Amino acid sequence: MRAMRLLWRRTRIQNRIFWRTPVAAFFTLVFPILMMVLFTAIFGNDPFDTVYGRVSSSQFYTPGLAVFAAASSTYTNIGINLASRRELGILKRVRGTPLPPWIYLGGVVLSAVWIAALGVAAMVVLGVAAYGVNVEAAKVPAMLVTFAVGAASFAALGLALSSVARSVNMAVPIANATLLPLAFISNIFVPFGTDTPAWLDLLGNIFPLKHFGLAFGEAMNPFSDAPAFEWHRLGVLLIWLAAGAAVAAWRFSWEPPVIAGRSSRRRRRPVPA
């Protein structure tokens, strides 16, 4: 019970830190909503052919951008924030306190997943309320399970990113150079059709974002049969979860990187842990 109380407290602290960073809150929660509004305004909301069948543009973009918000909240935020805190020496100081390390990392992960849930919920509510997007009660369990597996997978990959990127200057370009291009080849920003090059379709199938988006989108597809679980795509996400966790367990460090015998920490005002 004491461990659970500590974990809950750390999660709440991480949530407060997130909301005190307006830029992170904007790009995680507001940016996908703006993209939804802009895409629908530019392309209209008329039906067109997609992997889900002939559906409106809002029906296509709602699950995709919801998944993008979840991946941004977990993968990008965890990877960049932990790399920054390591570089500033915050992780080293935390490691020297009586707080169990898993409690600290658990608070970071649970906070990111909670923010991801808010982003997904906001996107789905916007789609349903403003654009008439279809959501069936019988498929809600598939949506919840897909979100849980996908968010956990990208959280593990965020931990792996923070383990590989030894500084925030490495973490930011790595996160952006991996997530954004994948969004274009994973049926998130651009609907893939029959004329899509086979190699591009295959490349998207290798990585987890496409499986996350298609599994979540199938649970919102008006032409799919309930319960609409995409088990093979969830299996791919679990494989990436295991891979991310393995890299994090192997490479994660609490110590600031040392370059030429000197710590790379900059002389900056400490930020909250």
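Structure report, in brief. (Residues numbered from 1 in each chain as written. Predicted model: local features only at pLDDT ≥ 70, side-chain atom pairs only at ≥ 80, totals over all residues. Heavy atoms only, no water.)

**Considerations on unusual backbone geometry**
The step from Ala 226 to Pro 227 runs through a cis peptide bond, and the omega angle for that step is 10°. Of note, Pro 227 is situated in the loop between helix H9 (208-219) and helix H10 (231-251). If you check the backbone angles, Asn 187 has positive phi at about 65° while not being a glycine. Tracing the backbone shows Asn 187 in the loop between helix H7 (168-185) and helix H8 (198-206). Asn 187 gets classed as buried once you look at its relative accessible area, which sits at 4%. (Helix = DSSP H or I, 4+ residues; strand = E, 2+ residues; numbered from the N terminus. Buried < 20%, exposed > 50% of the residue type's maximum accessible area, 1.4 Å probe, protein only.)

**Describing the side chain of Gln 59**
For Gln 59, the position within the fold is in helix H3 (residues 57-87). For Gln 59, a relative accessible area of 7% puts it in the buried group. Residues in contact with Gln 59, not counting those within four places in the same chain, are Val 133, Asn 134, Met 220 and Pro 222. (Contact = heavy atoms within 4.5 Å.)

**Side note on the pairing of strand S2 (residues 53-56)**
Bridge count between strand S1 (residues 47-50) and S2: 4 bridges; the pairing is antiparallel. Within S2, the position partnered with Phe 48 by the bridge is Val 55. The hairpin formed by S1 and S2 contains 2 residues between the paired strands. (Pairing = 2+ DSSP bridges.)

**Digging into the nonpolar core**
Counting residues in each nonpolar core, the largest one holds 49 residues, and the members touching the most others are Leu 65, Phe 189, Leu 209 and Phe 216. Elements with a contribution of two residues or more to this core: helix H2 (22-43), H3, helix H5 (101-131), helix H6 (140-164), H7, H9 and H10. When residues in this core are grouped by element, the largest group, 11 residues, is from H3. When sequence neighbours within four positions are dropped, the list of residues in contact with Phe 216 reads Pro 63, Ala 66, Val 67, Val 120, Val 124, Met 143, Thr 146 and Phe 147. Among the nonpolar cores identified, the runner-up in size contains 20 residues, and Ile 78, Ile 103, Val 109 and Phe 252 belong to it. (Core = buried A, V, L, I, M, F, W, Y, C linked by side-chain atoms within 4.5 Å.)

**Considering the packing of H2 against H5**
Viewed as axis vectors pointing N to C, H2 and H5 meet at an angle of 25°, and their least axial separation amounts to 9 Å. In terms of their interaxial angle, H2 and H5 are classed as roughly parallel. The two elements H2 and H5 meet at a crossing, and its hand is right-handed. Taking contact as the criterion, the partners of Thr 28, Leu 29, Pro 32, Ile 33, Met 36, Val 37 and Thr 40 in H2 are, on H5, Ile 115, Leu 118, Gly 119, Ala 122, Met 123, Leu 126, Gly 127 and Tyr 131. (Axes fitted to C-alpha atoms, helices over the stretch in contact; angles between N-to-C directions. Parallel < 35°, antiparallel > 145°, perpendicular 65-115°, else oblique. Left-handed = near helix turned anticlockwise from the far one by under 90°.)

**Here we look at the packing of aromatic side chains**
A complete count under the given rule lists 17 aromatic pairs for this structure. Measuring from centroid to centroid gives 5.1 Å for Phe 18 and Trp 19, while their planes differ by 80°, and the two rings are edge-to-face. Residue classification places Phe 18 among the buried positions, given a relative accessible area of 9%. By relative accessible area, Trp 19 is classed as partly exposed at 46%. Relative to Trp 254, the ring of Phe 252 lies with its centre 5.4 Å away and its plane at 85°, an arrangement referred to as edge-to-face. The buried category is assigned to Phe 252, whose relative accessible area is 17%. (Phe/Tyr/Trp six-rings, centres within 6.5 Å; stacked < 30°, edge-to-face > 60°.)

**Focus: the environment of Leu 105**
Note on placement: Leu 105 falls in helix H5. Put simply, Leu 105 and Lys 139 are 34 residues apart on the chain and 32 Å apart in space, counted from C-alpha to C-alpha. Apart from residues lying up to four places away in sequence, Leu 105 is in contact with Leu 82, Phe 252 and Trp 254.

**Remarks on H9**
Three or four residues apart is the spacing at which side chains of an α-helix point the same way, because the helix has 3.6 residues per turn. Taking 1.5 Å per residue, 12 residues should reach 16 Å; H9 reaches 17 Å between its end C-alpha atoms and fits that length. Of all 12 residues in H9, 12 are buried, a share of seventy percent or more. Against H3, H5, H6, H7, H8 and H10 lie the buried residues of H9. (Expected span 1.5 Å × (residues − 1).)

**Here we look at the environment of Val 172**
The topology assignment puts Val 172 in helix H7. A residue is classified by how much of its surface remains accessible, and Val 172, at 32% relative accessible area, is partly exposed. Placed 128 residues apart in sequence, Val 172 and Gly 44 show a C-alpha to C-alpha distance of 34 Å.

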